[in-house]
Each structure stands twice: as C-alpha cells, then as structure tokens.
Amino acid sequence: MIANLPFSQACENNKQPILSVLQKELKDSLHVLEVGSGTGQHSVYFAPRLAHLTWQTSE
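Residues numbered from 1 in each chain as written. Predicted model: local features only at pLDDT ≥ 70, side-chain atom pairs only at ≥ 80, totals over all residues. Heavy atoms only, no water.

1. Some points on the overall build of the protein
When you go through the protein residue by residue, the secondary structure sums to 2 helices and 2 strands. Judged by the C-alpha coordinates and their principal axes, the protein covers about 35 × 20 × 20 Å. Considering only contacts within the protein whose residues lie at least 6 apart along the sequence, 57% involve residues at least 24 apart. Taken as a whole, the protein presents about 4400 Å² of accessible surface, with 58% of it coming from carbon and sulfur. (Helix = DSSP H or I, 4+ residues; strand = E, 2+ residues; numbered from the N terminus. Contact = heavy atoms within 4.5 Å. Areas by Shrake-Rupley, 256 points an atom, 1.4 Å probe, with all protein chains shown as cover.)

The structure is reproduced here in structure tokens:
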C-alpha cells in the first residue's frame with residue numbers, strides 16, 4: 001500500500017532540465033544541501049543519477 005504523499009507536478013515537469021544543469025555544475029562536487037526540498041521529489045530523482053554526491057535535503 002502506497003501512502004498518500006505530497007506531489008508536485010512542477011517537479012515532474014522540470015526534473016530533467018534541472019538534472020542536465022546539475023550534472024555539469026556539480027561534476028566536481030561531493031556534497032549537496034538542498035534547501036527548500038519540499039516534497040523531496042527532486043532529490044529522489046537526482047540522487048541516483050548523481051551517485052557521486054551525498055545528497056542532504058533540508059526538510
């Protein structure tokens with residue numbers, strides 16, 4: 001059974017374009033603090049695709 005979790009359609013719509021930028025900008029980084037992570041959808045999508053990073057959300 002899946003819980004009724006918060007969902008943001010905007011996150012779904014923009015996750016791939018944002019990932020493209022993050023892959024370039026964070027290629028030499030090791031850690032990310034995502035401030036204002038809201039639903040957490042972005043971090044769930046980005047973390048496995050940016051596996052070299054330790055991803056920390058703020059909420």
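Text resumes after the structure shown.
2. Describing helix 1 (residues 9–25)
An ideal rise of 1.5 Å per residue puts 24 Å on 17 residues; helix 1 measures up with 24 Å between its terminal C-alpha atoms. Within the sequence span of helix 1, burial applies to C11, K15, L19 and L22. (Expected span 1.5 Å × (residues − 1). Buried < 20%, exposed > 50% of the residue type's maximum accessible area, 1.4 Å probe, protein only.)

3. What to know about helix 2 (residues 41–49)
Within helix 2, the full set of buried residues consists of Q41, H42, S43, Y45 and F46. Against the buried residues of helix 2 lie helix 1, strand 1 (31–34) and strand 2 (54–57).

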